[in-house]
Each structure stands twice: as C-alpha cells, then as structure tokens.
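As a plain string of letters, each chain reads:
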Amino acid sequence: GKPAWKATSHEASYSSPVSGTIQGSPRVLFFTREGLVGLDPANGKVAFEHPWRARIQASVNAAMPLWINDSVFLSASYDTGAILLKLHPDHVEKLWSNDDSLSAQFASAVHHQGHLYGFHGRLDGGRPELRCVEVKSGKVVWNRSDLGHGATLLANGELIVLTESGEMLVGPASPKEFKPRARFQAVGNGARAHPAFANGRLYARDKQSLACLDLAP
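Residues numbered from 1 in each chain as written. Predicted model: local features only at pLDDT ≥ 70, side-chain atom pairs only at ≥ 80, totals over all residues. Heavy atoms only, no water.

Student: Quick question: what am I supposed to make of the overall build of the protein chain here?
Tutor: Assigned secondary structure in the protein chain consists of zero helices and 19 strands. Against the compact-globule benchmark of 17 Å for 217 residues, the protein chain has a radius of gyration of 17 Å, which places it among compact chains. Dimensions of the protein chain, computed from C-alpha atoms along their principal axes, come out at roughly 45 × 40 × 35 Å. Taking as baseline every contact in the protein chain between residues at least 6 positions apart, the subset at least 24 positions apart corresponds to 42%. Carbon together with sulfur atoms contributes 48% to the accessible area of the protein chain, which is approximately 11,100 Å² in total. Of the side-chain charges in the protein chain, 23 are positive and 20 negative, and the distance between the mean point of each set is 2 Å. (Helix = DSSP H or I, 4+ residues; strand = E, 2+ residues; numbered from the N terminus. Rg over C-alpha atoms; globule rule 2.2 N^0.38 Å. Contact = heavy atoms within 4.5 Å. Areas by Shrake-Rupley, 256 points an atom, 1.4 Å probe, with all protein chains shown as cover. Lys, Arg positive; Asp, Glu negative; His and termini not counted. Charge placed at Lys NZ, Arg CZ, Asp CG, Glu CD.)

Written out as structure tokens, the structure is:
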C-alpha cells in the first residue's frame, strides 16, 4: 500500500487516466485540472505536458482522454472546446483545436472508424447536442438537439446513448445519422453518472437507483 511514485503539483480533475504505448514507450495519460500530462508508468517521470483548460476557475476537466491510434482527443466545456494532439514519446503536436466541434462538460466521447460521437454543450446552460465529428478535421458531421444531455458508449459498432433523463437509445454508429433501433426508459431522471457495459450487460444509475440491463442480441 505504499506509494510507488508521485508526479506534478496539478490539482485533480474528474477525468480518469488511460494507458497505452507510443512508439514502443509505455505511457499513462492524465487530463488534470491544468491539462494533459504523459507519464512513464514505471517511475512516474513526466514525459510531456500540454497546458489546456478553461479560462475560468469555476470549471472542470471531466471527460477522459480518448486515445486514437497515435493521437489523443481532449474535450472540455466552459469556453474551452476540443483539441487533437499527435503523440510522441517525449512531446505532443497540436493537429487542431477549437470551441466549435465538441465541448464535453463531463461525458467522454467515443471513437468509431474516424468519427467521434459525444455530447456537446453544458447541462446547466445552453442547449446540449449529440454530435458526430470527423476526427481528422474537427468538422461537425451531424447533430441532434432533441435528446438533452447524456453519455455515450460504443459496443460492436453500436452507439449506446443514455440521456440525463434516463432514456436509452441504441443504434449503429454512423456518420450519416443516428437512427436508433431501440429506445426505452432505462432509469429515472438525473442519470449523470457514466454507464458501463460488460458481457452484454449495461449498468446505469440515476439519483436513486442502479439498474443492470441485458443488451445481448
């Protein structure tokens, strides 16, 4: 139970770290309150940092870093937006960044065949949208503003959407449109926790209860 290492003096965020390998070098990516940090998991040595956060203190970085081949996608709300960075073992290279593509307040986006799927906008202001965004350019391919806020998962090419109102929609992840094959009330209102999917079962919760749903074909 003893700490193996400690790194940085950054304040914490709500984002979970992800791990992978960059040109043969193992790395763990943290999206802290200050921005992206890449560490050597063996000793905690900082390999690179990229400051990137909202310009106001009353904000959070909550969506997980999305590792896509040799790049990482970051997204945050509060007039921050999205950024795609090319990963190198000891530095990162900005490919594009804007506040127009996908500004995720707390729910992580998913990636499928060159496109991102996730919720843009804040739950506590504005009009959130479910969006499909081209990875290489940041271009918004389509959007839906009739679902409110929510979270997305990907399983076998299927986009699983759980809205903040507790409704679940399941359909193909496609850059043409989101056309759900199934739509039903999964849990009650206030479903802000990110759902989890394993072995054909989806776990979701609202403010009062936890539900396990069998989504196996």
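Student: So what exactly am I meant to see when it comes to the sheet that holds strand 17 (residues 196-198) here?
Tutor: Whenever strands of a sheet pair, they do so through backbone hydrogen bonds, lying parallel or antiparallel. Within the open sheet, the three strands sit side by side as 17-18-19. Their pairing is antiparallel. In the strand order of this sheet, the two ends are held by strand 17 and strand 19 (210-214), each with one partner. Pairwise comparison of adjacent strand axes, ignoring direction, gives a mean angle of 20° for this sheet. Where strand 18 (residues 201-205) meets strand 19, five bridges bridge the pair, whose relative direction is antiparallel. (Pairing = 2+ DSSP bridges. Axes fitted to C-alpha atoms, helices over the stretch in contact; angles between N-to-C directions.)

Student: Could you clarify how one ought to interpret the pairing of strand 14 (residues 158-163) in this entry?
Tutor: Looking down a regular strand, the side chains alternate between one sheet face and the other. Judged by how many residues are buried, strand 14 sits mostly within the fold: six of six residues are covered. In strand 14, alternate side chains face the same way, and those of Glu158, Ile160 and Leu162 on one face and Leu159, Val161 and Thr163 on the other are all buried. Across six bridges, the pairing between strand 13 (residues 150-155) and strand 14 is antiparallel. When the bridges of strand 14 are listed, leucine 153 appears paired with isoleucine 160. (Buried < 20%, exposed > 50% of the residue type's maximum accessible area, 1.4 Å probe, protein only.)

Student: For this particular structure, what's the right way to read the sheet that holds strand 7 (residues 81-87)?
Tutor: Taken in spatial order, the four strands make up an open sheet running 5-6-7-8, and their pairing is antiparallel. Strand pairing shows two members of the sheet lacking a second neighbour, strand 5 (66-68) and strand 8 (92-98), which therefore form its edges. Sheet twist, expressed as the average angle between the axes of neighbouring strands with direction ignored, equals 20°. Both strand 6 (residues 71-76) and strand 7 contribute to a ladder of six bridges, which runs antiparallel. Its bridge partner lying in strand 7, leucine 74 is registered against isoleucine 83.

Student: In this structure, what is going on with the environment of isoleucine 83? I would like to understand it.
Tutor: Relative to the helices and strands, isoleucine 83 resides in strand 7. Distance in space between the C-alpha atoms of isoleucine 83 and lysine 94 is 7.5 Å, their sequence separation being 11 residues. For isoleucine 83, the residues in contact, after removing those within four places along its chain, are His50, Trp52, Val72, Phe73, Leu74, Lys94, Trp96 and Ser97.

Student: What should I look at first to understand the side chain of histidine 120 in this one?
Tutor: Mapped onto the fold, histidine 120 is located in strand 10 (residues 115-122). Judged by relative accessible area, histidine 120 falls into the buried class, the value being 14%. At a separation of 2.9 Å, a polar atom in the side chain of histidine 120 contacts the main-chain amide nitrogen of serine 103. Contact partners of histidine 120, with chain neighbours within four places excluded, come to Asp99, Asp100, Ser101, Leu102, Ser103, Pro128, Glu129 and Arg131. (Polar contact = N/O pair within 3.5 Å; in protein donor to acceptor, adjacent residues only side chain to side chain.)

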